[in-house]
Amino acid sequence: MMIFIYLKKGNRKLIATVSAFLIGFLLYRAAALLLTQLLDGDEARILFNRILLLFIIFCLMINSRFFKHRFHYLHKPDWHATIYFPFIWSGFHSLQIKYFLIMAMLINSIVFIPFIIKHDFNTLKGLLLFAIGFSLINAILEEIIWRGYLLSQLKDSVDDYFALIITSIGFGLQHISIGIPLIPSILFSFGGIFFAGIVMRSKSLIPSIIWHFLINLGMVFSGFIFRI
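Rules used throughout
- Residues numbered from 1 in each chain as written.
- Predicted model: local features only at pLDDT ≥ 70, side-chain atom pairs only at ≥ 80, totals over all residues.
- Heavy atoms only, no water.
- Helix = DSSP H or I, 4+ residues; strand = E, 2+ residues; numbered from the N terminus.
- Buried < 20%, exposed > 50% of the residue type's maximum accessible area, 1.4 Å probe, protein only.
- Contact = heavy atoms within 4.5 Å.
- Expected span 1.5 Å × (residues − 1).
- Arc of directions from axis to C-beta.
- Polar contact = N/O pair within 3.5 Å; in protein donor to acceptor, adjacent residues only side chain to side chain.
- Salt bridge = Lys/Arg side-chain N within 4 Å of Asp/Glu carboxyl O.
- Phe/Tyr/Trp six-rings, centres within 6.5 Å; stacked < 30°, edge-to-face > 60°.

**Student:** Help me understand the side chain of Ser 189, please; the structure alone is not making it clear to me.
**Tutor:** With respect to the secondary-structure elements, Ser 189 resides in helix α8 (residues 182-202). Residue class for Ser 189 comes out buried when judged on its relative accessible area of 10%. Dropping the residues within four chain positions of it, Ser 189 is found in contact with Ser 168, Ile 169, Gly 172 and Leu 173.

And the structure:
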């Protein structure tokens, strides 16, 4: 505790933020394990597992209040802001956020379509309410955690690139804890770079929530979410 007090303010904030996340994550995992024993049915188990992410948000919220962290991404999105390839802020090609989002969502849809059309219409219809509920809850809560609290708070302690990389790696690898294999989790980390990129460039969580929501829909309708 004494060592913590004598650390520089920026380092104290960084350590406190990471600690708050880890405490929240441990509470989330404990509650999720208990939930698995109490609930029957994949849909209920998956949905409530996502709701339990509120444990992490609660711990990060307390930390944010204590250190009076600013939130950088609670604005209306600047759809005309430019994102660059491959380094977000610089690169050989640039594109406005609105066009980047449309292209990204189109590519993701094309990837999922071959898996979705394997299911009959009645099966997909039966999944509709669950798909919307799961996709909304998961997209909003995960974006609040990773690009809302963590990206904003790390941005105040370290430079933008480091905050983007650390939160993106963490975002991808935390999927291992819910049963997603290593390779897809690494791909989620790569995707997290562009989630964070459009948030930082547009100064809003809204574009990443929309994109995240669409990917979650694809995961449900393709059946991938039920295989983890």
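**Student:** Looking at this model, I keep getting lost on helix α7 (residues 160-173). Mind explaining?
**Tutor:** Three- or four-residue spacings in an α-helix give side chains the same orientation, since the helix completes a turn every 3.6 residues. The end-to-end C-alpha distance of α7 is 20 Å, a good match for the 20 Å that 14 residues give at a rise of 1.5 Å each. Residues Ala 163, Leu 164, Thr 167, Ser 168, Phe 171 and Gly 172 constitute the buried set of α7. The buried residues of α7 all sit within an arc of 145 degrees when viewed along its axis, so they share a single face. Contact partners of the buried residues in α7: α6 (121-155), α8 and α9 (206-221). Of the residues that open α7, the one with a side-chain oxygen 3.2 Å from the backbone nitrogen of Tyr 161 is Asp 159.

**Student:** How should the pattern of salt bridges be read in this particular structure?
**Tutor:** A pair can form between side chains of opposite charge whenever their charged atoms are brought close. A full pass over the atoms with the stated rule returns four salt bridges. Note that Arg 50 and Glu 142 form a salt bridge whose closest N and O atoms lie 2.9 Å from each other. Note that Arg 50 is positioned in helix α3 (residues 42-51) and Glu 142 in helix α6, a separation of 92 residues in sequence. Considered together, Arg 50 and Glu 142 belong to a single accessibility category, that of buried residues. Its salt-bridge partner being Lys 155, residue Asp 160 comes within 2.9 Å of it at the nearest N-O pair. Look at Asp 160 and you get partly exposed, because its relative accessible area is 27%.

**Student:** Help me understand the environment of Ala 16 in this model?
**Tutor:** Inspection of the secondary structure assignment puts Ala 16 in helix α2 (residues 9-38). Sequence separation of Ala 16 and Leu 60 is 44 residues, and the distance between their C-alpha atoms is 9.3 Å.

**Student:** When you look at the packing of aromatic side chains in this model, what are you seeing that I'm missing?
**Tutor:** By the definition in use, this model includes 16 aromatic pairs. Considering the side-chain rings of Phe 25 and Tyr 28, the 5.9 Å spacing of their centres and the 50 degrees angle between planes classify their relative orientation as tilted. On the criterion of helical spacing, the pair formed by Phe 25 and Tyr 28 is a turn pair, its members being three residues apart in helix α2. The pair formed by Phe 25 and Tyr 28 is uniform in burial state, with each residue classed as buried. A ring pair is formed by Phe 130 and Phe 134, whose centres lie 5.9 Å apart and whose planes are at 20 degrees; its orientation type is stacked. Residue Phe 130 and its partner Phe 134 are both found in helix α6; the two are separated by four residues, about one turn of the helix. Neither residue differs from the other here; Phe 130 and Phe 134 are each classed as buried. Three or more aromatic residues link up through ring pairs in this structure, and these residues are Phe 21, Phe 25, Tyr 28, Phe 85, Phe 100, Trp 146, Phe 171, Phe 190, Phe 194, Phe 195 and Trp 211.

Remember, this is a structural readout, not a statement about activity or role.
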